[in-house]
Amino acid sequence: MNEKTATIRIPPKGSKGSTMPGGKILMRLAKPLIDRQTAKYKNVKTAEQAKFMGFPAVVLTTVGAKTGKEHSHVLGGFPDGKDAWLVIASAGGAPSHPAWFFNLAKNPDQVWLHVGNRKLKVNVESLQGEEREKAYDRVSAVAKNYAAYPKKTDREIPVLRLTAAE
């Protein structure tokens with residue numbers, strides 16, 4: 001296993017942040033639509049990276065921390081060099097981390113990305129300090145809505161670099 005994949009630190013939960021109206025009930029109702037959208041991004045025919053809400057999108061597949069089952073999510077996936085992408089565990093500035101982040105932290109050796117028509121097993125690196133801040137700024141420059149998320153919450157929003165495994 002790659003050194004960078006060995007341990008993913010989980011920052012503490014915040015005490016404030018944005019919430020989604022309707023919360024879990026709305027997500028349960030929207031699940032069929034979300035599943036259809038995820039399948040659409042997994043079945044792209046071209047090598048070109050898809051766009052979602054105007055920024056580059058990937059499908060992140062992780063193995064559940066509790067269930068052991070695969071879960072896939074459409075996320076912003078920002079190119080960061082050859083076969084490397086940045087993903088941000090922002091949850092829209094919520095006080096807690098997204099579920100996929102806990103899955104990734106628990107099983108960092110079982111993570112895949114769909115980028116265009118490619119499915120890649122990836123190594124995970126959790127960025128820290130100045131490197132994390134600079135990466136977050138690069139993402140915010142491409143996707144302006146990310147700039148507001150740290151102002152909504154007091155938790156450290158994880159920034160992850162995913163690189164194609166050899």
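Chemist: Account for the overall build of the protein chain, with residues named and values stated.
Modeler: Tallying secondary structure elements over the protein chain gives 4 helices and 8 strands in all. Along the protein chain, helices and strands appear, N-terminal first, in the series α-β-β-β-β-β-α-β-β-α-α-β. Relative to a compact globule of 166 residues, whose C-alpha radius of gyration would be 15 Å, the protein chain shows 15 Å and is just as compact. The principal-axis extents of the C-alpha atoms in the protein chain amount to approximately 40 × 40 × 35 Å.

Chemist: Any details on the packing of aromatic side chains? Residues and values, ideally.
Modeler: The final tally for this structure, using the stated rule, is 6 aromatic pairs. Through a chain of ring-to-ring contacts, three or more aromatic side chains come together here, namely Phe-55, Phe-78, Tyr-146 and Tyr-149. Against the face of Trp-112 rests Lys-119, its NZ or CZ located 5.6 Å from the ring centre. Looking at Lys-121, its charged tip hangs above the ring of Trp-112, at a distance of 5.1 Å from the centre.

Chemist: Would you mind going over unusual backbone geometry in detail, with residue names and values included?
Modeler: Phi is positive for Asp-83, close to 50°, though the residue is something other than glycine. Note that Asp-83 resides in the loop between strand S4 (78-79) and strand S5 (84-88). Of note, Ala-91 is a non-glycine position whose phi angle comes to about 50°, a positive value. For Ala-91, the location among the structural elements is in the loop between S5 and helix H2 (99-106).

Chemist: Explain helix H3 (residues 129-142) residue by residue, including any values.
Modeler: The terminal C-alpha atoms of H3 lie 21 Å apart, and with 14 residues this matches the ideal 20 Å at 1.5 Å per residue to within 8%. Listed in full, the buried residues belonging to H3 are Arg-132, Ala-135, Tyr-136, Val-139 and Ser-140. Taken down its axis, H3 places every buried residue within 140° of arc, on the same side. Those residues of H3 that are exposed and aimed more than 90 degrees away from the buried face are Glu-130 and Asp-137.

Chemist: A description of the pairing of strand S6 (residues 112-115) should follow, citing residues and the corresponding values.
Modeler: If a strand is regular, its side chains alternate between the two faces of the sheet. Of the two faces of S6, the one holding Trp-112 and His-114 and the one holding Leu-113 and Val-115 are both buried throughout. Note that strand S2 (residues 55-63) and S6 share 3 bridges and pair antiparallel. Residue pairing for S6: Leu-60 is matched across the bridge by Leu-113. Of the pairings in the sheet, the one linking S6 to strand S7 (residues 118-126) comprises 4 bridges and is antiparallel in character. Each bridged residue has a counterpart across the sheet, and for His-114 the counterpart in S7 is Lys-119. Where S6 folds back onto S7 in an antiparallel hairpin, the turn is made up of 2 residues, including Gly-116, whose phi is positive at roughly 60°.

Chemist: Tell me what's going on with the nonpolar core, and back it up with residues and numbers.
Modeler: The nonpolar side chains of soluble globular proteins are, as a tendency, buried together. Ranked by internal contacts, the top residues of the largest apolar core, which has 19 residues, are Leu-60, Trp-100, Leu-104, Leu-113, Leu-160 and Leu-162. If you list the elements that add at least two residues to this core, you get S2, S5, H2, S6, S7 and strand S8 (159-164). Here the element with the most residues in this core is H2; it accounts for 4 residues. Sequence-distant contacts of Trp-100, that is, excluding residues within four places in its chain, are made with Leu-60, Thr-62, His-73, Leu-75, Val-87, Ile-88, Ala-89 and Leu-160. Within the second largest apolar cluster, 13 residues are counted, among which are Phe-78, Tyr-136, Val-139 and Tyr-146.

Chemist: Run through the pattern of salt bridges, naming residues and quoting values.
Modeler: Scanning the model with the defined rule gives 10 salt bridges in all. Here Asp-80 and Arg-161 are joined by a salt bridge, their closest N and O atoms 2.7 Å apart. With a gap of 81 residues between them, Asp-80 in the loop between S4 and S5 and Arg-161 in strand S8 connect regions that are remote in the sequence. On the basis of relative accessible area, Asp-80 is assigned to the buried category, the value being 18%.

The rules behind these values
Residues numbered from 1 in each chain as written. Predicted model: local features only at pLDDT ≥ 70, side-chain atom pairs only at ≥ 80, totals over all residues. Heavy atoms only, no water. Helix = DSSP H or I, 4+ residues; strand = E, 2+ residues; numbered from the N terminus. Rg over C-alpha atoms; globule rule 2.2 N^0.38 Å. Phe/Tyr/Trp six-rings, centres within 6.5 Å; stacked < 30°, edge-to-face > 60°. Lys NZ or Arg CZ within 6 Å of the ring centre and 35° of its normal. Expected span 1.5 Å × (residues − 1). Buried < 20%, exposed > 50% of the residue type's maximum accessible area, 1.4 Å probe, protein only. Arc of directions from axis to C-beta. Pairing = 2+ DSSP bridges. Core = buried A, V, L, I, M, F, W, Y, C linked by side-chain atoms within 4.5 Å. Contact = heavy atoms within 4.5 Å. Salt bridge = Lys/Arg side-chain N within 4 Å of Asp/Glu carboxyl O.

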